Amino acid sequence: MTHEPAGRPAAAVAAVIRGAALLVAVGALGVTLWRGVEEPRTALAFGVLIAVGELARWGSVGEREPAPLGAAGALAYALLGESGGRATHHGVLQVVAVVVAAGLVGAVPHVALGRGPAPDALARRVLTVAFAAVCFQPLYNSGRLEDWAGYGSWYAAVVVALLALTALCDAVLAAALAHARRGWPFGPLLRDELRRMPGIGSAVCATGAVMALAVAVAGLWALPVFSCPLLLTQLAVRRYAAVRATYRQTIASLARATEIAGYTPAGHARRVADLSRAMGRELGLSGADLGVLEYAALMHDIGQLSLVDPVPAGATARLPAAEQRRIALLGGAVVRQTGVAADVAVVVERQADPYREQPLTARIVRTANAYDEMAREHGPQGPLAALERLRVATGREYQTEVVEALARVLAGCPGPVAAPRPGLGPPDPC
């Protein structure tokens, strides 16, 4: 049975977001070209900064903010009231036009290399900057902001508050687009986005606020000065991402050890990991919990390396309970020796415990593993038969909610069993 990645309401919301971003971008460019550019020197300086930020981006799809310098420059221009003590009058539409034009210029080399920004990322950037500009520019140009906050600490507090609202708007847009694209529940996706905000997102917002306030006092020379800290932060985050990639590759290699040694079928660990992560999202897990779940699912069979004779087809779900626990405990001990997080080892150790005594992550791995083993046994009808057997065993060996989450994940896939997928990118069992 084939299903769309998301329901019609979610797809409609995504279409509205993309369409609104396109209309805003085209309208802003058209109006700005027709009327001419206010304060062209200021517009050029911020445009160059945004273009340089796009040129320095480190990724495309999969990164929440791969071009932090460009994002900070765009926010600073949206929240710019003065430049060197002189009031600016560029307005909302010019802000959007400059951001769009500079972003397109900076993205040209990346597009030529086949790794340009995703359309959803562009839509988010346009609407987020437009939101910030709409919140700030009319207040400033009408004089109301000066009447309410003056130019002291209250003015800075208003800028910070508007940036917080803008970050929240961006998180909602990102979660809505991801929900439409992947079909995952909106709530956990929004929690993920909100939890990521204190990371590079806070650095982007803080730099944008400081740039806007500094340019108001010191003029455009403040832009290169305050760009340097964010560039250094970007380099540090890039190194951290490289370390994490190496860590993930190490786990992937360890997960394949049982397959190379002939203890488990090819692709079994990857299929169980993909199913487990999708089930975890269905059950409301997010962030670090999903990472622990995926790593534990990849390494759930590593204890089989202690067996003298491999279990036929690696089907540990049919072994006696005592033997399953022994393998699980040995697997947990191996995981602890590899330096992987202790939370992962706990899930591996407890996957053979009675399900009522297990943490939710272990229940998920136990169910996904049993499904993949059973689905291979009966040919084309194996997946349906496996799901029915799991449902019969609910309340005794498996948790009902976990089995039903598995059923929902499978119902959203074009095929009955998730195909193995190399690497450790964002899992998508469909």
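Up top you'll find the structure we're talking about.
Small disclaimer: the values here were computed from a predicted structure and weren't measured.

1. What to know about the overall build of the protein chain
Within the protein chain, the regular secondary structure consists of 17 helices and 2 strands. Out of the 430 residues in the protein chain, the part that is buried amounts to 49%. Contacts in the protein chain between residues far apart in sequence, at least 24 positions, make up 71% of those at least 6 positions apart. When the accessible area of the protein chain is evaluated, it comes to approximately 19800 Å², of which 65% is carbon and sulfur surface.

2. Considering the state of the cysteines
Two cysteines joined by a covalent bond between their sulfur atoms form a disulfide. The tally for this structure, following the rule as stated, stands at 0 disulfides. In this structure Cys 135 is a free cysteine whose sulfur lies 8.2 Å from that of Cys 169, the closest cysteine sulfur available.

3. Describing the packing of aromatic side chains
Summed over the entire model, instances satisfying the criterion amount to 3 aromatic pairs. Centre to centre, the rings of Phe 136 and Tyr 140 are 5.8 Å apart; their planes meet at 15°, and the pair counts as stacked. Taken as a pair, Phe 136 and Tyr 140 lie in helix H5 (residues 119-141) at a separation of 4 residues, close to a single helical turn. For the pair formed by Phe 136 and Tyr 140, the shared burial category is buried.

4. Structural notes on the packing of helix H4 (residues 91-112) against H5
Put simply, H4 and H5 touch, their axes get as near as 8 Å, and they point 150° apart. The orientation of H4 relative to H5 falls into the category roughly antiparallel. Of the two elements, H4 crosses H5, and the hand of that crossing is right-handed. Contacts between H4 and H5 pair Gly 91, Val 92, Val 95, Val 96, Val 99 and Val 100 from the former with Arg 125, Val 126, Val 129, Ala 130, Ala 133, Val 134, Gln 137, Pro 138 and Asn 141 from the latter. Of the residues belonging to the contact of H4 with H5, the class tally is 11 nonpolar, 3 polar and 1 charged.

5. Topic: the environment of Ala 10
Inspection of the secondary structure puts Ala 10 in helix H1 (residues 8-35). The residues touching Ala 10, leaving out its near neighbours within four places in the chain, are His 179 and Ala 180.

6. Quick word on helix H7 (residues 153-182)
Given a rise of 1.5 Å per residue, 30 residues ought to cover 44 Å, and the 43 Å separating the end C-alpha atoms of H7 matches this to within 8%. Note on H7: the residue one or two positions beyond its end, Gly 183, has a positive phi of about 80°.

7. Quick word on the pattern of salt bridges
Per the counting criterion, the structure on display carries 13 salt bridges. Residues Arg 125 and Glu 54 are paired through a salt bridge, measuring 3.0 Å at the closest nitrogen-oxygen approach. Within this pair, whereas Arg 125 is found in helix H5, its partner Glu 54 is found in helix H2 (residues 40-55), the two being separated by 71 residues in sequence. Residue classification places Arg 125 among the buried positions, given a relative accessible area of 15%. The exposure class assigned to Glu 54 is buried, which follows from its relative accessible area of 4%. Put simply, Arg 350 and Asp 353 hold a salt bridge, and the shortest N to O gap is 3.4 Å.

Definitions and cut-offs
Residues numbered from 1 in each chain as written. Predicted model: local features only at pLDDT ≥ 70, side-chain atom pairs only at ≥ 80, totals over all residues. Heavy atoms only, no water. Helix = DSSP H or I, 4+ residues; strand = E, 2+ residues; numbered from the N terminus. Buried < 20%, exposed > 50% of the residue type's maximum accessible area, 1.4 Å probe, protein only. Contact = heavy atoms within 4.5 Å. Areas by Shrake-Rupley, 256 points an atom, 1.4 Å probe, with all protein chains shown as cover. Disulfide = S-S within 2.5 Å. Phe/Tyr/Trp six-rings, centres within 6.5 Å; stacked < 30°, edge-to-face > 60°. Axes fitted to C-alpha atoms, helices over the stretch in contact; angles between N-to-C directions. Parallel < 35°, antiparallel > 145°, perpendicular 65-115°, else oblique. Left-handed = near helix turned anticlockwise from the far one by under 90°. Nonpolar A, V, L, I, M, F, W, Y, C, P; charged D, E, K, R; others polar. Expected span 1.5 Å × (residues − 1). Salt bridge = Lys/Arg side-chain N within 4 Å of Asp/Glu carboxyl O.

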